[in-house]
Amino acid sequence: MIDLHCHILPGVDDGPQSLDESLAMARAAVADGIETLLATPHTLNGVYHNPLNAVQSGVAALRDALREEDIPLRILAGGDVHLVPDMLQAIHAGDAVTIDDQRRYILLELPSHSLPPNLKDEIFRLKVGGVTPIITHPERNMALAQDSEILFDLIEMGALVQVTAMSLTGGFGAFVRGVSERLLAQRLIHVIATDAHSREGRPPILSRAVEVAAQVLRDSNEALRMVNETPAAILEGSPVDVPEPRKSMRRFRLFHRF
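Residues numbered from 1 in each chain as written. Predicted model: local features only at pLDDT ≥ 70, side-chain atom pairs only at ≥ 80, totals over all residues. Heavy atoms only, no water.

### A short note on the environment of Leu4
Move 1: For Leu4, the position within the fold is in strand β1 (residues 2-6).
Move 2: Judged by its relative accessible area of 1%, Leu4 falls in the buried class.
Move 3: Along the primary structure Leu4 and Arg199 are separated by 195 residues, whereas in three dimensions their C-alpha atoms are 17 Å apart.
Move 4: Excluding its chain neighbours within four sequence positions, the residues that come into contact with Leu4 are Leu38, Thr40, Leu107, Val191, Ala193, Pro231, Ile234 and Leu235. (Helix = DSSP H or I, 4+ residues; strand = E, 2+ residues; numbered from the N terminus. Buried < 20%, exposed > 50% of the residue type's maximum accessible area, 1.4 Å probe, protein only. Contact = heavy atoms within 4.5 Å.)

Next up, the structure:
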């Protein structure tokens, strides 16, 4: 499996504060069947600023430690990037880290309780600039949780969407789990990722969420694609096939290509 969203670098944000904690997370990820993991520290959120050069240095150091400890986990550089004005400029300046520094996909974090008025404009500019935004954990954004048609519109514009594994397994409560299942059923979710911050409280575990997704979708293969085929294409910078988003459960599934 591939985890596209994980706060595993030590001492850079609200994730692990020591290398030992990072290594414990890595061991847990491997034990769960995760083979590749994207290190995605918070950035541009007013608290943390992890530019490209700093993230790449952190990833290189963690790779060395993984080799020394014989932990078979592939680590790549990314970022949990808070939406700011002129995202393309931030990317080109190295302040906003795209997935594996390919400038093809970027994890885009929105505020928890609202949506920026320039959201659609920024998504449009990113797409025109060749970068596909992946909206992270919409199930924990109150505006999107209350009105999934907003997410539908963003997907129609070309955005992709990532749900947090613990949201599906109930780690953030019954309400968030219900929203996550509804978004899945409407085919408004394309990737499952851990958004892990620790070994115990928010661990890098994907398998349990895949089981829940398979039950919701009634299709284990579709659930598995969200942790292998789709994230693999994203890491390659390739287009991905995703289900047609549904405004109602009566719609038929077709496929878009982004």
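From this point, the narrative continues.
### Comments concerning the sheet that holds β1
Move 1: Strand order across the open sheet formed by 3 strands is β1-β2-β4, with parallel pairing between neighbours. Bordering the open sheet on either side are β1 and β4 (74-77), each of which pairs with just one other strand. Taken pair by pair, the neighbouring strands of this sheet meet at an average axis angle of 25°, ignoring direction.
Move 2: Packing against the sheet, helix α2 (residues 52-68) makes contact with β2 (36-39) and β4, and its axis sits at approximately 175° to β4. (Pairing = 2+ DSSP bridges. Axes fitted to C-alpha atoms, helices over the stretch in contact; angles between N-to-C directions.)

### Concerning unusual backbone geometry
Move 1: Unusually for a residue other than glycine, Asp86 sits at a positive phi of about 60°.
Move 2: With respect to the element layout, Asp86 can be found in the loop between β5 (80-82) and α3 (87-92).
Move 3: Using a relative accessible area of 44% as the deciding quantity, one classes Asp86 as partly exposed.
Move 4: Phi angles above zero are rare outside glycine, and Asp101 is one such case at about 55°.
Move 5: Of note, Asp101 is situated in the loop between α3 and β6 (105-109).
Move 6: Residue classification places Asp101 among the partly exposed residues on the basis of a relative accessible area of 34%.

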